[in-house]
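Chains, contacts and geometry: an overview
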Amino acid sequence: MLRKGLVVLALFLLPSAANAQLRGPWELELSGSGANGPKFNGFTGALNLGIGYFFNENWEVGYRQTLTYTDVGVPKTLNGSSRVAVDFHVPLGDQNQFVPFGGANLGYVYGDSVRDTWELAPEGGIKWFVGPDAFLFGMIEYQFFFRSGSGISHGFKNGEFVYTVGVGFRF
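What comes next concerns the included structure. Keep in mind it's a predicted model, so treat the numbers as computed, not measured. (Residues numbered from 1 in each chain as written. Predicted model: local features only at pLDDT ≥ 70, side-chain atom pairs only at ≥ 80, totals over all residues. Heavy atoms only, no water.)

Some thoughts on the side chain of H89
- Mapped onto the elements of the fold, H89 is located in strand 4 (residues 77-89).
- Accessibility expressed as a relative area gives 1% for H89, which makes it buried.
- At a separation of 2.9 Å, a polar atom in the side chain of H89 contacts the side chain of K127.
- Non-local contacts of H89, meaning those with residues more than four positions away in its chain, are made with F54, E57, N58, E60, V99, P100, F101 and K127. (Helix = DSSP H or I, 4+ residues; strand = E, 2+ residues; numbered from the N terminus. Buried < 20%, exposed > 50% of the residue type's maximum accessible area, 1.4 Å probe, protein only. Polar contact = N/O pair within 3.5 Å; in protein donor to acceptor, adjacent residues only side chain to side chain. Contact = heavy atoms within 4.5 Å.)

Structure below.
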């Protein structure tokens, strides 16, 4: 009786396991933003690039690079951040097309108009697969900073929210 139950359970799990194998272990995410004043007298823009690797259907380790440029109200400045992230994904839907995720990232923030420092951020978001390997995503993270002499509670209190919306591909 127990063996029949295990066979039936395996048959029910087989479609989800086969579907998980359709997507490759690598992921590429791209996003960007831009803004200018009403008189077009300055520009602010950001580019985000992320590359990740899935160890299984749920766990991903990734690298994210962000570059921002502005000349609105300040001299021309270029800032960046480089982060390593670990996220846990929960595929939902009849074809695993909705994938909420949560995790954390650790990285370094640097540039012309920011104080160079380490950052840590809890993060979460959702991916919506619009094709077998292509998805749209939205993510929010709360970056807090490790500045020398300021303490972790001060860094958390003076953190910032970062929002990202973009497109991604699994291969």
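Okay, back to it.
Side note on empty space enclosed by the protein
- Throughout the structure, instances matching the rule amount to 1 cavity of 30 Å³ or more.
- Put simply, the largest cavity is a space of about 100 Å³.
- E27, E29, E60, G62 and R64 are the residues nearest the centre of the largest cavity, which is lined by 16 residues in total.
- Every element with two or more residues in the lining of the largest cavity is listed here: strand 1 (26-35), strand 2 (44-54), strand 3 (59-70) and strand 4.
- Ranked by residues supplied to the lining of the largest cavity, first place goes to strand 3 with 5 residues.
- Its residues placed into classes, the lining of the largest cavity shows 6 nonpolar, 4 polar and 6 charged. (1 Å grid on protein atoms, 1.4 Å probe; cavity = no way out; pocket = protein on both sides within 12 Å on 5 of 7 lines; lining within 4 Å. Points joined across faces, edges and corners; volume = space filled by probe spheres on them. Nonpolar A, V, L, I, M, F, W, Y, C, P; charged D, E, K, R; others polar.)

What about the pattern of salt bridges?
- Inspection of the entire model under this criterion finds 6 salt bridges.
- The partner of K127 in a salt bridge is E29, with the nearest N and O atoms 3.8 Å apart. Within this pair, whereas K127 is found in strand 6 (residues 117-129), its partner E29 is found in strand 1, the two being separated by 98 residues in sequence.
- According to the relative accessible area criterion, K127 is buried, its value standing at 2%.
- Classification of E29 as buried rests on a relative accessible area of 10%.
- Here D87 ties to R64 by a salt bridge, and the two come within 3.0 Å at their closest N and O atoms. Of this pair, D87 sits in strand 4 while R64 sits in strand 3, and the two are 23 residues apart along the sequence.
- Salt bridges here are not isolated pairs; linked through shared partners, they connect E27, E29, E60 and K127. (Salt bridge = Lys/Arg side-chain N within 4 Å of Asp/Glu carboxyl O.)

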